[in-house]
Amino acid sequence: MSPTRSTRALRAIDAPQSTLSAAAGELIDADPLFVRVRTAASDLPDPAPLVSNLARSVVEVISGVRDIEQLSRWVTDDVYRHLLIRTQHAARARQARRRPTRRPNFVELSVRIQATTENIVDAVVVLDFGARVRAVTVRLEGLDRRWRASAIHVL
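Remember, it's a predicted structure, so these values are computed and weren't measured experimentally. (Residues numbered from 1 in each chain as written. Predicted model: local features only at pLDDT ≥ 70, side-chain atom pairs only at ≥ 80, totals over all residues. Heavy atoms only, no water.)

**Looking at the packing of aromatic side chains**
Point 1. What the rule picks out here adds up to 1 aromatic pair.
Point 2. Summarising the aromatic geometry, the rings of F106 and F129 are spaced 5.2 Å apart at their centres and angled 45° between planes, so their arrangement reads as tilted. Taken together, the residues span a long stretch of sequence, with F106 in the loop between α3 (77-97) and β3 (107-115) and F129 in the loop between β4 (120-128) and β5 (133-143) at a distance of 23 residues.
Point 3. The class of F106 is buried, set by a relative accessible area of 15%.
Point 4. In this structure F129 comes out as partly exposed when scored by relative accessible area, which is 24%. (Phe/Tyr/Trp six-rings, centres within 6.5 Å; stacked < 30°, edge-to-face > 60°. Helix = DSSP H or I, 4+ residues; strand = E, 2+ residues; numbered from the N terminus. Buried < 20%, exposed > 50% of the residue type's maximum accessible area, 1.4 Å probe, protein only.)

This is how it looks when you write it as structure tokens:
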């Protein structure tokens, strides 16, 4: 007895379909509702302004003066969850010490960007806060014809 056409269609939908090829234009996740396409760095704008703005914005989010929702378009879901948890911890620490929320005052010292693969860029932004110097590392991936941060760490 052969399977009916609808049974074969359901099996095709239920089957895991993901491709991890780094070639530009290939599917990353073949979920019919959320298909992501890798985009080559040559097809995207210069990542330097985005890296600089993301570093500044992440520091402001952790400080509590910027809403994390403003970054949702530029970061992956994993990065968003990580930042949300870190922001909540920082807010609790400020509350426990009874410190007010203050806009961080810093100067961007340098930005270093290096392309690691065809659609991935790693960057480090060094920020001077006066009393200390911190580094913000950012990994950008070309997804859906734009840059998205797949990793952000404030060191």
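**Overview of the pairing of β4**
Point 1. Pairing of β3 with β4 involves 8 bridges; the strand directions are antiparallel. Of the residues in β4, the one forming a bridge with S110 is V126.
Point 2. Remark: 4 residues form the turn of the hairpin made by β3 and β4, two consecutive strands paired antiparallel.
Point 3. In this sheet, β5 lies alongside β4 in antiparallel orientation, the contact comprising 9 bridges. The partner of V124 across the bridge, within β5, is T137.
Point 4. Hairpin connection between β4 and β5: a loop of 4 residues separates the two successive antiparallel strands, and G130 in this loop has a positive phi of roughly 90°. (Pairing = 2+ DSSP bridges.)

**Remarks on α3**
Point 1. If you check α3, its first and last C-alpha atoms are 30 Å apart, about what 21 residues at 1.5 Å a residue would give, namely 30 Å.
Point 2. Each element contacted by the buried residues of α3 is listed here: α2 (48-63) and β6 (146-154).
Point 3. With its phi angle positive at about 60°, R98 sits one or two positions after the end of α3. (Expected span 1.5 Å × (residues − 1). Contact = heavy atoms within 4.5 Å.)

**Description of α2**
Point 1. Compared with the 22 Å implied by 1.5 Å per residue over 16 residues, the 23 Å span of α2 between its first and last C-alpha is a close match.
Point 2. Burial analysis of α2 places 12 of its 16 residues in the buried class, the great majority of the element.
Point 3. For α2, the full list of buried residues reads L50, V51, S52, L54, A55, S57, V58, V59, E60, V61, I62 and S63.
Point 4. Buried positions along α2 lie against α3, β3, β4, β5 and β6.
Point 5. Note on α2: the residue one or two positions beyond its end, G64, has a positive phi of about 90°.

**Focus: the packing of α2 against α3**
Point 1. Where α2 meets α3, the closest approach of the two axes is 7 Å, and the angle between their N-to-C directions is 45°. Overall, the two elements α2 and α3 adopt an arrangement that is oblique. Within the contact between the two elements, α2 uses V58, V61, I62 and S63 and α3 uses L83, R86, T87, A90 and R94.
Point 2. Taken together, the residues of the contact of α2 with α3 sort by class into 5 nonpolar, 2 polar and 2 charged. (Axes fitted to C-alpha atoms, helices over the stretch in contact; angles between N-to-C directions. Parallel < 35°, antiparallel > 145°, perpendicular 65-115°, else oblique. Nonpolar A, V, L, I, M, F, W, Y, C, P; charged D, E, K, R; others polar.)

**As for the confidence of the model for the chain**
Point 1. With 78% of its residues at a pLDDT of at least 70, the chain reaches an overall mean of 84.
Point 2. Scored below 50 in pLDDT, residues 1-24 shows 20 contacts in the model against residues more than four places distant or in partner chains. (pLDDT = per-residue confidence, 0-100.)

**A word on the environment of N53**
Point 1. Within the secondary structure, N53 is located in helix α2.
Point 2. A relative accessible area of 41% means that N53 is categorised as partly exposed.
Point 3. Sequence separation of N53 and V125 is 72 residues, and the distance between their C-alpha atoms is 10.0 Å.

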